[in-house]
Amino acid sequence: MARLIGTASPASSFRLVIAILSMIVLPAALTLHTVRVSAVVNTSVPDPSPYGYTVSLLLFIVPILVIGLWLIPREGVAISKKSFVWTIGILFPLGALLDFFFAHSFFTFPNRDATLRILFPALGGGVPVEEYVFYFTGFVAILLIYIWLDEYWLAAYSIPIDAAERTNFARLLRFHPQSLFWALVLIAAAILYRLAFAKSPGFPGYFIFLVLGAMLPSAALLPSALPVINWRAFSLTVLFVLLISLLWEATLGVPYGWWGFQDAQMIGLRITAWSELPIEEVFLWIAVSYATAIVYEVVRRWKSSGKRARHAFLG
């Protein structure tokens, strides 16, 4: 417990709290400054939030810069750069895959004035470059937040890099049948709800993509990740990311048309108070955070062991 409490003086802790608040408030204030009409969007007003989506990416970029370039070096937190790069290299393609193959199936982008108007390739036509930056910075921000909480704020609950729990294992690739079971349950429930309660024909493709993106890594890797994940750090990471993402979407992204959703690919459950936000968006960053923690901790076990990838994952 001394490791948790004694690493920072009261003044230092206060500065850290201010830094946490600032890295949320500053980009949020800059983003809100781009909005020229009220949240009840007046469609007769041209260009209601110029470059709003572009500027709003600071909600991920500022925490990345503050944590990665100031807080982590300042507090002497050692990051396994190879584990970090491998994790982002594995997970970011999921976001890119979503954009390239499914952007026009799942989403709409009605307000191009909120972007730089630079299109990146995707099936069915280009999508705003902000979409790819959104997913890349999202994964990086989540991973940095988790690492910072794990190695500093909640270090008393972290498994040391050289602990036996990390280095002693037969193989990392281990099937977790419960993850597969719950994935099938969630998918079946979404399909049944769409068939029974939606007022128009469709298929919950977006939700199924999210479930598979979270539960397939879980089905293959969770038994190896369970002993080493700092669940307190993970819980706070999820809360932090949900706070940012839901405020982002409910107050800015959806009301101002930075992005929207194809009704035919949703479950059909929407949050009326949040501009009819699909329930899928509540699950999006929970799924992303879950997959990020699992992949990172398993990669970290591999790198800690010194084994080659084939030997580490297959035994």
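Residues numbered from 1 in each chain as written. Predicted model: local features only at pLDDT ≥ 70, side-chain atom pairs only at ≥ 80, totals over all residues. Heavy atoms only, no water.

Student: Would you explain the overall build of the protein chain in this entry?
Tutor: The helix and strand inventory of the protein chain stands at 12 helices and six strands. With the C-alpha coordinates of the protein chain rotated into their principal frame, the extents come out at 60 × 50 × 30 Å. Looking at the protein chain as a whole, 49% of its 315 residues are labelled buried. For the protein chain, long-range pairs separated by at least 24 residues make up 78% of all intrachain contacts whose partners lie at least 6 apart in sequence. Within the structure as shown, the protein chain displays about 14,900 Å² of accessible surface, and the carbon and sulfur contribution to it stands at 71%. Within the protein chain, one finds 21 positive and 16 negative side-chain charges whose respective centroids are separated by 11 Å. (Helix = DSSP H or I, 4+ residues; strand = E, 2+ residues; numbered from the N terminus. Buried < 20%, exposed > 50% of the residue type's maximum accessible area, 1.4 Å probe, protein only. Contact = heavy atoms within 4.5 Å. Areas by Shrake-Rupley, 256 points an atom, 1.4 Å probe, with all protein chains shown as cover. Lys, Arg positive; Asp, Glu negative; His and termini not counted. Charge placed at Lys NZ, Arg CZ, Asp CG, Glu CD.)

Student: Before we go on, may I ask you to explain the side chain of D99 in this structure?
Tutor: With respect to the helices and strands, D99 occurs in helix α5 (residues 81-106). Ignoring any residue separated from it by four or fewer positions in sequence, one finds D99 in contact with A122, E131, Y132 and Y135.

Student: I would appreciate a short explanation of the packing of helix α4 (residues 58-74) against helix α6 (residues 129-153) in the present structure.
Tutor: Helix-helix packing is characterised by the crossing angle of the two axes and by the distance between the axes. As a packed pair, α4 and α6 sit with axes 9 Å apart at the nearest point and diverge in direction by 35°. Every pair of crossing elements has a handedness; the one defined by α4 and α6 is left-handed. Two secondary-structure elements touch here, α4 through F60, I61, I64, I67, G68, L71 and I72 and α6 through F134, T137, G138, V140, A141, L144, I145 and W148. Residues that form the contact of α4 with α6 fall into these classes: 12 nonpolar, three polar and no charged. (Axes fitted to C-alpha atoms, helices over the stretch in contact; angles between N-to-C directions. Left-handed = near helix turned anticlockwise from the far one by under 90°. Nonpolar A, V, L, I, M, F, W, Y, C, P; charged D, E, K, R; others polar.)

Student: For this particular structure, what's the right way to read the packing of aromatic side chains?
Tutor: Centre-to-centre distance and the angle between the planes together describe a pair of aromatic rings. In total, this model carries 33 aromatic pairs according to the counting rule given. Pairwise contacts between aromatic rings join Y53, F60, F134, Y135, W248, W258, W259 and W285 into one cluster. Residue placement shows K303 over the ring face of W302; its charged tip is 4.0 Å from the ring centre. We note K307 situated over the ring of F169; from NZ or CZ to the ring centre the distance is 4.1 Å. (Phe/Tyr/Trp six-rings, centres within 6.5 Å; stacked < 30°, edge-to-face > 60°. Lys NZ or Arg CZ within 6 Å of the ring centre and 35° of its normal.)

Student: Quick question: what am I supposed to make of the pattern of salt bridges here?
Tutor: If charged atoms from side chains of opposite charge come close, those side chains can pair. Evaluated as defined, the whole model comprises six salt bridges. For R300, the salt bridge is made with E151, and the minimal N-O distance between the two is 2.5 Å. Residue R300 is located in helix α11 (residues 280-305), and its partner E151 is located in helix α6; the two are separated by 149 residues in the primary sequence. Of the two residues, R300 and E151, neither departs from the other in class, the shared state being buried. Ionic pairing is found between D263 and R270, a salt bridge with its closest N-O pair at 2.4 Å. (Salt bridge = Lys/Arg side-chain N within 4 Å of Asp/Glu carboxyl O.)

Student: Would you mind showing me how to read the nonpolar core here?
Tutor: Note on soluble globular proteins: their nonpolar side chains tend to be buried together. Judged by nonpolar contacts, the single largest core of 93 residues is most densely connected at Y206 and W248. Ranked by the residues each element gives to this core, the list is headed by α6, at 15 residues. Among all residues touching W248, those that are not within four sequence positions of it are S56, L57, L59, F60, F134, G253, W258 and W259. (Core = buried A, V, L, I, M, F, W, Y, C linked by side-chain atoms within 4.5 Å.)

Student: Before we go on, may I ask you to explain the packing of helix α9 (residues 205-225) against α11 in this structure?
Tutor: Two numbers describe how α9 lies on α11: the axes approach to 9 Å, and their chain directions differ by 25°. With respect to α11, the element α9 is oriented roughly parallel. For α9 against α11, the interelement crossing comes out left-handed. Note on element contacts: α11 touches α9 through E280, E281, F283, L284, A287, Y290, A291, I294, V295, V298 and R301, opposite Y206, F207, L210, G213, A214, M215, P217, S218, L221, L222, S224 and A225. Residue classes in the contact of α9 with α11 are distributed as 17 nonpolar, three polar and three charged. (Parallel < 35°, antiparallel > 145°, perpendicular 65-115°, else oblique.)

Student: Teacher, can you tell me more about α5 here?
Tutor: In an α-helix, one turn spans 3.6 residues, which is why side chains three or four residues apart end up on the same side. The axis of α5 is deflected most strongly, by about 50°, at F100. Listed as buried for α5 are S83, F84, T87, I88, L91, G95, A96, L98, D99, A103 and F106. Where α5 is buried, its residues touch β1 (107-108), β3 (127-128), α6, α9, β4 (260-261) and α11. (Bend = angle between axes of the 7 residues up to and from the residue.)

Student: When you look at the environment of D150 in this model, what are you seeing that I'm missing?
Tutor: Residue position: D150 is located in helix α6. Between the alpha carbons of D150 and W231 there is a distance of 8.8 Å; along the sequence they are 81 residues apart. What D150 contacts, discounting residues up to four positions off in sequence, is A155, S158, N230, A233, E297 and R300.

By themselves, these figures tell us nothing about what the structure is for.
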